[in-house]
Amino acid sequence: MSASAPVCDHGAVSTDDSPTRTLSPNTIAVTAGRPVGPGVPLNQPIVLASNYRDTGDYTRTQGTETWVALEDAIGALEGGRALAFSSGMAAAAAAIYALAPKVVVFPSVSYMGVRALLAEYQERGHLELRPVDVTDTAAVAAAAEGADMVWVETPTNPTLDVADLETIGHISRAVGATMVVDSTFATPLLQRPLEHGATIVMHSGTKFIGGHSDLLIGLCVTSDDDVYERLVKARTFQGATPGALEAFLALRGLRTMPLRLEASQRNAATLVDRLRAHRAVAVVNYPGLGAMVSFVMKGGPTAADAVCERVQIIVAATSLGGVETTIERRQKYAGDAHVEPGLLRMSVGIEDINDLWADLSAALR
Ligand SMILES: Cc1ncc(COP(=O)(O)O)c(C=O)c1O
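All figures in this text were calculated on a predicted structure; none of them were measured in a lab. (Residues numbered from 1 in each chain as written. Predicted model: local features only at pLDDT ≥ 70, side-chain atom pairs only at ≥ 80, totals over all residues.)

## A short note on the overall build of the protein
Note the threshold: Comment: elements are numbered from the N terminus, with helices defined as DSSP H or I runs of at least four residues and strands as E runs of at least two. Restricting the calculation to C-alpha atoms gives the radius of gyration, and the globule rule supplies 2.2 Å times the number of residues raised to the power 0.38. Once C-beta atoms are placed from the backbone, each residue is buried if 20 or more other C-beta atoms lie within 10 Å of its own, exposed if 12 or fewer, and partly exposed for counts between those two. Note on contacts: each residue gets a C-beta atom placed from the backbone, and two residues are in contact if those atoms are within 7 Å.
Looking only at helices and strands, the protein features 13 helices and 14 strands. Its C-alpha atoms give the protein a radius of gyration of 21 Å, near enough to 21 Å, the size a compact globule of 365 residues would have. By principal-axis analysis of the C-alpha atoms, the protein measures approximately 65 × 50 × 40 Å. Counting the 365 residues in the protein, one finds 49% classified as buried. Sequence-distant contacts in the protein: of pairs separated by 6 or more residues, those separated by 24 or more amount to 67%.

Rendered as structure tokens:
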């Protein structure tokens, strides 16, 4: 990869009249990964290259400036070194490949794709899986005895359970297990798992980081150099490389993530209050932060399906983390068959709150 457009270093600034200080994540989201030096483009352009002159560099192995800009920005926000992958699933698969666990503690309610991948490994005899309720820290501690990986997803998909990362980090270290945290729902702005002892934090950048439902990308971040090298190997061997356009768009999305998330969280908090007071709703799950909400309809799956059919501004769709509000009944998927049948997962967007509530309350009626 060419060294002609070095990306800036970031996270701290030092000027003649002020000591070095740490920048706010909102500033890092805007400044990290920018090219530096006179005459360079203000933003890292899309580099379409599989091959580099003279150096022997090849993109699958060394990456491109566009990937590195995104990786620098996510690494700066998480406090480690990031690597971009072709999707969140590719990032999860790379974390498993890199750490090669034999016994994995895993949240029994969590994103079905990663659970299915681990189940597949178990079926093939590569590892043993120990499902736990991640909100039950004592159960995590008991399951961690003899385990070499504790996989945490928090908040969880789709029930929005929150794990005590600090304590689970201690538990993992005490038994000599690595802790991997899928932090997709929290984003790098609301949670920094490396500070709680995570070996790897992973994201589906497809969701809030990209933020516009127009790309697939994944990220792993670590502060351990050896683990970083193993992740590089995972990406190189498995070929799970991000596209140039996707890396560019993900970084562009990241620039506005603080604003988007702020607006989505404001909307989510209002919707949660109103849903909690609504007679058609039995339970509302909301951790108090973030843009994901789930709620259970008193009328069960029939009522929940009716809501999805009737919304007009809110979109009945499976993914999440975009500027638009999406809603879905998760138990209809075989992988989420154990979830409440009447549970609706909603990813709250940035539309006007009055329009959102008018749409949702009409559908609830
Ligand atoms: C929590 C979580 N992790 C990982 C993934 C997988 O990400 P991707 O779809 O980018 O492969 C998803 C996708 O929905 C998710 O919700």
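There is more to say after this.
## Re the site of the ligand
Keep this limit in mind: Proximity of a residue to a molecule or strand is defined by its backbone-placed C-beta atom lying within 6 Å of that partner. In the scheme used here, Gly and all other residues not listed as nonpolar or charged are polar, with Ala, Val, Leu, Ile, Met, Phe, Trp, Tyr, Cys and Pro taken as nonpolar and Asp, Glu, Lys and Arg as charged.
Around the ligand, the surrounding shell holds 14 residues, and the nearest of these are Ser87, Gly88, Met89, Ser204 and Thr206. Broken down by class, the residue content of the shell around the ligand amounts to four nonpolar, eight polar and two charged.

## Thoughts on unusual backbone geometry
With an omega of -10°, the peptide bond between Thr154 and Pro155 qualifies as cis. In the Ramachandran plot, Thr187 falls in the positive-phi region, its phi being about 65° despite a non-glycine side chain. Looking at the element boundaries, Thr187 is found in helix H8 (residues 187-190). A positive phi angle is found at Ser213, which is not glycine, with a value near 55°.

## Quick word on the environment of Gly253
Mapped onto the elements, Gly253 comes out in helix H10 (residues 244-255). Classification of Gly253 as buried rests on a count of 25 C-beta atoms within 10 Å. If we ignore the near neighbours within four places in the chain, the residues touching Gly253 are Ile209, Gly210, Gly211 and His212.

## With respect to the sheet that holds strand S10 (residues 281-285)
Each strand in a sheet pairs with another by means of backbone hydrogen bonds, the pair being arranged parallel or else antiparallel. What counts here: What makes two strands pair is DSSP finding at least two bridges between them. Under this scheme, a helix contributes an axis fitted over its contacting stretch, all axes are lines through C-alpha atoms, and angles between N-to-C directions fall in the 0 to 180 degree range.
With respect to topology, five strands assemble into an open sheet ordered S10-S11-S14-S13-S12, the strand pairing being mixed. Of all the strands in the sheet, the pair left with one neighbour each is S10 and strand S12 (315-316). Relative to strand S11 (residues 292-297), S10 runs antiparallel, the two sharing four bridges. By the bridge assignment, Val284 is partnered in S11 with Phe295. Packing against the sheet, helix H12 (residues 300-310) makes contact with S11, S12, strand S13 (326-329) and strand S14 (343-347), and its axis sits at approximately 155° to S13.

## Section: the nonpolar core
Which entries qualify depends on this criterion: In this usage, the nonpolar core is the set of buried Ala, Val, Leu, Ile, Met, Phe, Trp, Tyr and Cys residues whose C-beta atoms join them within 7 Å. Domain borders in the structure are assigned automatically or taken from a domain database.
Of all hydrophobic cores here, the largest spans 103 residues; its most connected members are Ala94, Ala95, Val105, Val150, Leu219 and Cys220. Counting residues per element, this core draws most heavily on helix H4 (residues 88-99), at ten residues. Of the domains in this structure, domain 1 (12-255) and domain 2 (257-364) are the two that each give at least three residues to this core.

## Quick word on the pairing of S11
Most of S11 is tucked away: six of the six residues are buried. Every second residue of S11 is oriented toward a common face, with Met292, Ser294 and Val296 on one face and Val293, Phe295 and Met297 on the other, all of them buried. Connecting S10 to the antiparallel partner S11 that follows it, the hairpin turn spans six residues, and Gly288 within it adopts a positive phi of roughly 100°. As paired strands, S11 and S14 are joined by five bridges and run antiparallel to one another. The partner of Met292 across the bridge, within S14, is Ser347.

## Some words on the packing of helix H3 (residues 65-78) against H10
To keep things clear, this is the line we draw: By convention the crossing between two helices is left-handed if the near helix lies anticlockwise of the far one by an angle smaller than a right angle, and right-handed if it lies clockwise.
Interaxial distance between H3 and H10 falls to 8 Å at its minimum, and their mutual angle equals 30°. Regarding H3 and H10, the two cross each other, and that crossing is left-handed. Side by side, H3 and H10 meet where Thr66, Trp67, Ala69, Leu70 and Ala73 of the first sit next to Ala244, Ala247, Phe248, Ala250, Leu251 and Leu254 of the second. Within the contact of H3 with H10, the residues separate by chemical class into ten nonpolar, one polar and no charged.

## Focus: the environment of Ile314
When you line up the elements, Ile314 lands in the loop between H12 and S12. With 23 C-beta atoms packed within 10 Å, Ile314 lands in the buried category. Ile314 sits 69 residues away from Leu245 along the chain, and the two C-alpha atoms are 27 Å apart. Beyond its immediate stretch of four places on either side in the chain, Ile314 contacts Thr325, Thr326, Ile327, Leu356, Asp359 and Leu360.

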